[in-house]
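Coordinate inspection notes
Listed below are the residues making up each chain.
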Amino acid sequence: MKTVTEYIIEYFEAHPSQEIEHDKVVDYVFKFIPKARDPWRAIRKLYQEGWLIQVRKGVYKRIPGYKGHNVLAPFSQEIKEAIFKRDNYRCIVCGNGLHNDYEICADHIKPQAKDGQSTLENGQTLCSEHNLMKKRYGTTNFLKKYCETMIERAKQHNDIKTESLFKDILEVLKKHNLS
Ligand SMILES: [Zn+2]
């Protein structure tokens, strides 16, 4: 008895280098496992792992010997470098970075635990402090904590304009039940 993924692999290997609609593959799986759970997801996973090529939405291709970048793994060195470069080697929250000897790291905007992928688009540069903050509070709470920090700092500098800006943002978060 084969698994859903094994049937999918079998189908693509029997049709090398062809553009294939995922529904055809799913039908094939259902012939053997009528109660297969979410074979679409299994196909997408093979693509995310770099085994399949996605030609366009819902259409995939297997090229024998092809091994793409596994987007479910941590950021590759190459992607990490591309994220840092795009963000000018600075934390996108506070602006500290390599230029003033701050540690930077590549963070998943949408966490991997929630299917966030290790792509350039899903990456952002953070300093260790803000990376920890985000890991601890998640994106929304992170934003809330950040606003509170900025309000505190603005108060210390008697900067009424900045203080009122971040107070407004906090209000917006509250309005959308995000805090
Ligand atoms: Zn920072």
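Residues numbered from 1 in each chain as written. Predicted model: local features only at pLDDT ≥ 70, side-chain atom pairs only at ≥ 80, totals over all residues.

Describing the sheet that holds strand S2 (residues 53-56)
What counts, and what does not: One bridge is not enough; two strands pair if DSSP finds at least two bridges between them. Numbering goes from the N terminus for both helices and strands, where a helix is a DSSP run of H or I of at least four residues and a strand is a run of E of at least two.
Strands sit in the order S1-S3-S2 across an open sheet of three strands; the sheet is antiparallel. Across the chains shown, the open sheet's two edge strands, defined by having one partner strand only, are strand S1 (20-21) and S2. Sheet topology places S1 next to strand S3 (residues 59-61); two bridges connect them, and they run antiparallel. For Glu21, the partnering residue across the bridge sits in S3 and is Val59.

Side note on the domain arrangement of the protein
Convention followed: An automatic or database domain assignment supplies the start and end points of every domain.
Domain boundaries assigned for the protein yield domain 1 (4-61) and domain 2 (77-175). A C-alpha centroid distance of 38 Å is found between domain 1 and domain 2.

Considerations on the packing of helix H1 (residues 4-14) against helix H3 (residues 39-48)
For clarity, the cut-off: To obtain each axis, a line is fitted to C-alpha atoms, and for helices this fit is confined to the stretch in contact; angles are then taken between N-to-C directions over 0 to 180 degrees. For any pair of crossing helices, the crossing counts as left-handed if the nearer helix is rotated counterclockwise from the farther one by less than a right angle, and right-handed if it is rotated clockwise. Contact between residues is assigned whenever the C-beta positions, reconstructed from backbone atoms, fall within 7 Å. Basically, the charged four are Asp, Glu, Lys and Arg, the nonpolar ten are Ala, Val, Leu, Ile, Met, Phe, Trp, Tyr, Cys and Pro, and anything else, Gly included, counts as polar.
With their axes 10 Å apart at the nearest point, H1 and H3 run at an angle of 60° to one another. Along this stretch, H1 crosses H3, giving a crossing that reads as right-handed. Mapping the contact onto sequence places Val4, Thr5 and Ile8 in H1 and Pro39, Ala42, Ile43 and Leu46 in H3. Looking at side-chain class alone, the contact of H1 with H3 contains six nonpolar, one polar and no charged residues.

Describing helix H5 (residues 128-156)
Selection rule: Helix span, expected: 1.5 Å multiplied by one less than the number of residues in the helix. Axes are fitted to the seven residues ending at a residue and to the seven starting at it; the angle between these axes is taken as the bend at that residue. Three classes are used. A residue is buried when 20 or more other C-beta atoms lie within 10 Å of its own, exposed when 12 or fewer do, and partly exposed in between, with C-beta atoms placed from the backbone.
Taking 1.5 Å as the rise per residue, H5 with 29 residues should run 42 Å; its terminal C-alpha atoms sit only 24 Å apart, a clear shortfall. Where H5 bends most, at Gly138, the angle is about 115°. By the burial criterion, the buried members of H5 are His130, Asn131, Lys134, Cys147 and Met150. Considering only its buried residues, H5 is in contact with strand S4 (104-108), strand S5 (123-127) and helix H6 (160-175). Directly after H5, the chain includes Asn158, whose backbone phi takes a positive value near 50°.

A closer look at the environment of Leu132
Secondary-structure assignment places Leu132 in helix H5. By the C-beta count within 10 Å, which is 12 here, Leu132 ends up exposed. Sequence-wise, Leu132 and Gly50 are 82 residues apart; in three dimensions their C-alpha atoms are separated by 30 Å.

Thoughts on the environment of Ser118
Within the element layout of this structure, Ser118 appears in the loop between S4 and S5. When the C-alpha atoms of Ser118 and Thr140 are compared, they prove to be 21 Å apart, with 22 residues separating the residues in sequence. Not counting chain neighbours up to four residues away, the residues in contact with Ser118 comprise Val71, Ala73, Pro74, Phe75 and Ile79.

Topic: the nonpolar core
How we decide: Each nonpolar core consists of buried Ala, Val, Leu, Ile, Met, Phe, Trp, Tyr and Cys residues. Their C-beta atoms, within 7 Å, join them into a set.
Counting ten residues, the largest nonpolar core consists of Tyr7, Ile8, Phe12, Val25, Val26, Val29, Ala42, Ile43, Leu52 and Tyr60. For this core, the secondary structure elements donating two or more residues are H1, helix H2 (22-32) and H3. The residues touching Ile43, leaving out its near neighbours within four places in the chain, are Ile8, His22, Val25 and Tyr60. Formed by five residues, the second largest nonpolar core is a distinct cluster that contains Cys91, Ile104, Leu126 and Cys127.

What about unusual backbone geometry?
Of all residues except glycine, most have a negative phi; of all peptide bonds, most are trans. The backbone phi angle of Asp38 is positive, close to 50°, even though this residue is not glycine. With respect to the helices, strands and loops of the structure, Asp38 is situated in the loop between H2 and H3. One non-glycine residue with positive phi stands out, namely Asn158, at about 50°. Structurally, Asn158 is set in the loop between H5 and H6. By C-beta crowding, Asn158 is classed as exposed, having 7 other C-beta atoms within 10 Å.

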